[in-house]
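Tertiary structure, described
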Amino acid sequence: MKSIVFVCLGNICRSPIAEGCAKKIIKEQMLDIKVTSAGTGSWHIGESPCPNSIKVCKKHGIDISHYRATQFTKKDINSYDLVVALDSSNFSDLKNMGVKNLVKLGDYGYNSQDVPDPYFFDGFDGFEKVYEMIESCVKELLLIVLR
């Protein structure tokens, strides 16, 4: 395993959190794996993660403020060893795009649940809940794929 990309819809809240969590774990384990994130949509390209994603990651010792949103396109299909969708909708979009090396993050600790968009919750608590789910699933994912 040399590279992983985490994919959500806009690449400004969930997937940057997943990227940050994975990079932290990979650094702590002194592994050599490239990690990035992207969105299936194009409307946030070049934007920073949303303020609450930056805040929740900072609270957990992760700085994602310098990340910039990108779009996952057909040209990216063979660029990564593993493509990790954050929810069923993105999984379906990526599968329809032709991605073969595809998994859903919620399959690694949350009974195949989708990682919900934190904006569906009230206030900052939603970001904390989403962070906890992402962190737990990323840890399990890395344990399994790195065996």
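Throughout what follows, the structure given in this document is the object of discussion. (Residues numbered from 1 in each chain as written. Predicted model: local features only at pLDDT ≥ 70, side-chain atom pairs only at ≥ 80, totals over all residues. Heavy atoms only, no water.)

To continue, consider the overall build of the protein chain. On a plain count of helices and strands, the protein chain comes out with four helices and four strands. Secondary structure elements in the protein chain, listed N-terminal to C-terminal, are β-α-β-α-β-α-β-α. Against the globule reference of 15 Å for 147 residues, the protein chain gives a C-alpha radius of gyration of 14 Å, in line with a compact fold. Along the three orthogonal principal directions, the C-alpha set of the protein chain runs to about 35 × 35 × 30 Å. Looking at the protein chain as a whole, 48% of its 147 residues qualify as buried. The contacts of the protein chain with a sequence gap of at least 6 include a subset with a gap of at least 24, amounting to 68%. Counting only carbon and sulfur atoms, one obtains 50% of the accessible surface of the protein chain, whose full area is about 7,500 Å². Taking the average location of the 18 positive side-chain charges in the protein chain and that of its 18 negative ones, the two points are 4 Å from each other. (Helix = DSSP H or I, 4+ residues; strand = E, 2+ residues; numbered from the N terminus. Rg over C-alpha atoms; globule rule 2.2 N^0.38 Å. Buried < 20%, exposed > 50% of the residue type's maximum accessible area, 1.4 Å probe, protein only. Contact = heavy atoms within 4.5 Å. Areas by Shrake-Rupley, 256 points an atom, 1.4 Å probe, with all protein chains shown as cover. Lys, Arg positive; Asp, Glu negative; His and termini not counted. Charge placed at Lys NZ, Arg CZ, Asp CG, Glu CD.)

Attention now moves to the packing of helix H1 (residues 14–28) against helix H4 (residues 125–145). The geometry of a pair of packed helices is captured by two quantities: the angle between their axes and the separation between those axes. Taken N-terminus to C-terminus, the directions of H1 and H4 make an angle of 45 degrees; their axes are 9 Å apart at the nearest point. By the angle between their directions, the pair H1 and H4 is classed as oblique. Considering how the two elements wind past one another, H1 and H4 form a crossing that is right-handed. On H4, the residues touching Arg-14, Ile-17, Ala-18, Cys-21, Ala-22, Ile-25 and Ile-26 of H1 are Val-130, Tyr-131, Ile-134, Glu-135, Val-138, Lys-139 and Leu-142. (Axes fitted to C-alpha atoms, helices over the stretch in contact; angles between N-to-C directions. Parallel < 35°, antiparallel > 145°, perpendicular 65-115°, else oblique. Left-handed = near helix turned anticlockwise from the far one by under 90°.)

Before going further, it helps to examine the packing of helix H2 (residues 51–59) against H4. As a packed pair, H2 and H4 sit with axes 10 Å apart at the nearest point and diverge in direction by 55 degrees. By the criterion of interaxial angle, the relationship of H2 to H4 is oblique. Remark: the crossing between H2 and H4 carries right-handed chirality. Residues Asn-52, Ser-53, Val-56, Cys-57 and Lys-59 of H2 touch H4, and the partners they reach there are Phe-127, Glu-128 and Tyr-131.

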